[in-house]
Amino acid sequence: MIIASSNILILAGALSALAAIAHVGVIVGGPDWYRFFGAGEGMAGLAAQGSWRPAFITMAIAVILGLWSAYALSGAGVLPRLPLLKVALIAITSVYLLRGIAGFMLAAFAPGENTPVFWVWSSAICLLIGVVHAIGVRGVWSSLSGVQT
């Protein structure tokens, strides 16, 4: 069971890494990519003006997602054990799940510049990644605790 769960956690790490790469792609793609991925006209406009803020914000998100990927891979045993691994995996899973659920509620109101379509798609993606994380973490939990069953 731990082997299959490790593979699920590896998938979770890969999904977080893919999300991080997508965010870097938005920076490279520029204003049109900010618009396409639903960041809103404000971010796209700032990027078009050469402001550092959209790239900084987007890169910060990419770094966080990359770190989350590393934690999932550490939990799967692919990378060395990272500090506070169990707490981090619970927190990461929780953030993905909460963002996914809350985003569907926000889609009804389309707050800010983001469209309801952005909220639905991004929420579905977050919810999917959160579920994959939850299944993977649950499966390797005993190995993270140092207890083998």
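Keep in mind that what you see is a predicted model, and the values were worked out from it rather than measured.

> A description of the layout of surface pockets should follow, citing residues and the corresponding values.
Size it by volume and the largest pocket reaches roughly 1100 Å³. Residue lining of the largest pocket: 32 residues in total, with His 23, Phe 37, Arg 99, Phe 118 and Ser 122 positioned closest to the centre. Of all the secondary-structure elements, those providing two or more residues to the lining of the largest pocket are α1 (2–29), α2 (31–36), α4 (53–75), α5 (85–107) and α6 (116–144). If one sorts the elements of the lining of the largest pocket by residue count, α6 sits on top with eight residues. Here the lining of the largest pocket is built from residues that sort into 24 nonpolar, six polar and two charged.

> Could you give an account of the pattern of salt bridges, with specific residues and numbers?
All told, the structure shown has two salt bridges when counted by the stated rule. For Asp 32, the salt bridge identified is with Arg 35, shortest N-O distance 3.3 Å. Highlighted residues: Asp 32 and Arg 35, both in helix α2, separated by three residues, approximately one helical turn. One salt bridge connects Glu 41 with Arg 35, and the closest N-O pair in it is separated by 2.9 Å. With relative accessibility at 36%, the residue Arg 35 sits in the partly exposed group.

> Mind laying out the environment of Leu 144, listing which residues take part and the relevant values?
Tracing the backbone shows Leu 144 in helix α6. Spatially, the C-alpha atom of Leu 144 lies 10.0 Å from that of Ser 74, the residues being 70 residues apart in sequence. When residues no more than four places from it in sequence are discounted, the contact partners of Leu 144 are Gly 75, Arg 81, Leu 85, Lys 86 and Leu 89.

> Which residues make up the packing of aromatic side chains, and what values do they have?
Centre-to-centre distance and the angle between the planes together describe a pair of aromatic rings. What the rule picks out here adds up to four aromatic pairs. Taking 5.0 Å as the distance between ring centres and 85 degrees as the angle between the ring planes, the aromatic pair formed by Phe 36 and Phe 37 counts as edge-to-face. When its relative accessible area of 66% is taken as the criterion, Phe 36 is described as exposed. Classification of Phe 37 by relative accessible area gives partly exposed; the value is 42%. The structure contains a cluster of three or more aromatic residues connected by ring pairs, namely Trp 33, Phe 36 and Phe 37.

> Tell me what's going on with the packing of α4 against α5, and back it up with residues and numbers.
Interaxial distance between α4 and α5 falls to 10 Å at its minimum, and their mutual angle equals 125 degrees. Taken together, the axis directions place α4 and α5 in an arrangement best described as oblique. Our pair here, α4 against α5, has a crossing hand that is left-handed. Here α4 contributes Leu 65, Trp 68, Tyr 71, Ala 72, Ser 74 and Gly 75 to the contact with α5, which in turn contributes Leu 85, Ala 88, Leu 89, Ile 92, Val 95 and Tyr 96.

> Describe the nonpolar core, and please don't skip the residues or the numbers.
Grouped together as the largest cluster of nonpolar side chains are 20 residues, with contacts concentrated most on Leu 9, Leu 65, Tyr 71, Leu 89, Ile 92 and Tyr 96. For this core, the elements supplying multiple residues, two or more each, are α1, α4, α5 and α6. A per-element tally of this core places α6 first, with six residues. Apart from residues lying up to four places away in sequence, Leu 9 is in contact with Ala 72, Gly 75, Ala 76, His 133, Gly 136, Val 137 and Val 140. One finds Val 26, Tyr 34, Met 43 and Ala 47 within the second-largest nonpolar core, a separate group that totals five residues.

> Hey, could you go over a nonpolar patch on the surface for me, with residue numbers and the actual values?
Residues Val 24, Val 28, Met 59 and Val 63 make up a contiguous nonpolar surface patch of roughly 350 Å² in combined accessible area. Elements represented by at least two residues in the nonpolar patch include exactly α1 and α4. Structurally, Val 28 is set in helix α1. Overall, the relative accessible area of 70% leaves Val 28 in the exposed class.

What counts and what doesn't
Residues numbered from 1 in each chain as written. Predicted model: local features only at pLDDT ≥ 70, side-chain atom pairs only at ≥ 80, totals over all residues. Heavy atoms only, no water. 1 Å grid on protein atoms, 1.4 Å probe; cavity = no way out; pocket = protein on both sides within 12 Å on 5 of 7 lines; lining within 4 Å. Points joined across faces, edges and corners; volume = space filled by probe spheres on them. Helix = DSSP H or I, 4+ residues; strand = E, 2+ residues; numbered from the N terminus. Nonpolar A, V, L, I, M, F, W, Y, C, P; charged D, E, K, R; others polar. Salt bridge = Lys/Arg side-chain N within 4 Å of Asp/Glu carboxyl O. Buried < 20%, exposed > 50% of the residue type's maximum accessible area, 1.4 Å probe, protein only. Contact = heavy atoms within 4.5 Å. Phe/Tyr/Trp six-rings, centres within 6.5 Å; stacked < 30°, edge-to-face > 60°. Axes fitted to C-alpha atoms, helices over the stretch in contact; angles between N-to-C directions. Parallel < 35°, antiparallel > 145°, perpendicular 65-115°, else oblique. Left-handed = near helix turned anticlockwise from the far one by under 90°. Core = buried A, V, L, I, M, F, W, Y, C linked by side-chain atoms within 4.5 Å. Patch = residues over 30% accessible without salt bridge, like charges linked within 9 Å, V, L, I, M, F, W, Y side chains within 5 Å. Areas by Shrake-Rupley, 256 points an atom, 1.4 Å probe, with all protein chains shown as cover.

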